[in-house]
Amino acid sequence: MDFSPVIISLKTAVCALLIVFPAGTLLAWQVMNIQRQRLKIVMDSLLTLPLVLPPTVAGLLLLCLFGVNRPLGRFFLDVFGVKIAFSFASTVIASAFVSFPMMYRSARGAFEQVDPHLLDAARTLGMGETKIFLRMLPNSIPGLLSGSVLAFTRGLGEFGATAMLAGNIAGRTRTLPLAVYSETASGRMDTALVYAGILMVFAFASLLLMSRAGNTKWRN
């Protein structure tokens, strides 16, 4: 059995998490502090949009951006000599795009649980926003960890957007979900079941880890 889909999936999910964790955390903090309610609703909806988009639609949008003859794809090819579409980088981009809302929503939920009166008191005392953010992080660790686990698992199981942007190239872009599809289509059900079982083990382990993070008491 070819174990490259397992390695590619793990590398993809880890790289995507390294992108969505800081991005989701910082954007959640910024959106939470927007004073104009309408703007906050619009920004929140835009950042959550990948969560409700069909994966193939998300993949099509990414392909329109990162395709060889598309704006960002042409830029990376001309400036850096890097072809994004149908490469390992495209699996990371697709995974990060669809898993970002998981991190963003979890981070925002964690931040909103902090007593707003404490934040107002800190501002009254002259504490800067950056310092308030850093002081608030320890109280938000369980939510941030839960978001990280959800984002990692979602990235690990991404199929539609990855198939559209990265294709299904053995040894390069074939992740575990794509391997399950390929083996099933080829009639190799035993191998497909093994790949599916690996995904289920990762998913179950992630749920256990998330429950553990939620039940752990964190102190400053």
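Located above this text is the structure these notes cover.
(A) Layout of the environment of Ala58. Mapping Ala58 onto the fold places it in helix H3 (residues 55–66). For Ala58, a relative accessible area of 0% gives the class buried. Separated by 103 residues in the primary sequence, Ala58 and Ala161 place their C-alpha atoms 5.7 Å from one another. Sequence-distant contacts of Ala58, defined by excluding residues within four places in its chain, comprise Phe97, Val98 and Ala161.

(B) Representation of a nonpolar patch on the surface. Together, Val42, Leu46, Leu49, Leu51 and Val52 make up a nonpolar patch on the protein surface, roughly 440 Å² of accessible area in all. Looking at the secondary structure, you find Val52 in helix H2 (residues 37–52).

(C) Representation of the packing of helix H6 (residues 116–124) against helix H7 (residues 129–136) in the model. Look at H6 against H7: their axes get within 10 Å of each other, and the N-to-C directions meet at 140°. For the element pair H6 / H7, the angle class is oblique. Relative to H7, the crossing made by H6 is right-handed. Of the residues in H7, those in contact with Leu119, Ala122 and Arg123 of H6 are Glu129, Ile132 and Met136.

Here is what the cut-offs are and how they apply
Residues numbered from 1 in each chain as written. Predicted model: local features only at pLDDT ≥ 70, side-chain atom pairs only at ≥ 80, totals over all residues. Heavy atoms only, no water. Helix = DSSP H or I, 4+ residues; strand = E, 2+ residues; numbered from the N terminus. Buried < 20%, exposed > 50% of the residue type's maximum accessible area, 1.4 Å probe, protein only. Contact = heavy atoms within 4.5 Å. Patch = residues over 30% accessible without salt bridge, like charges linked within 9 Å, V, L, I, M, F, W, Y side chains within 5 Å. Areas by Shrake-Rupley, 256 points an atom, 1.4 Å probe, with all protein chains shown as cover. Salt bridge = Lys/Arg side-chain N within 4 Å of Asp/Glu carboxyl O. Axes fitted to C-alpha atoms, helices over the stretch in contact; angles between N-to-C directions. Parallel < 35°, antiparallel > 145°, perpendicular 65-115°, else oblique. Left-handed = near helix turned anticlockwise from the far one by under 90°.

As far as function goes, none of this settles anything; it's purely spatial.
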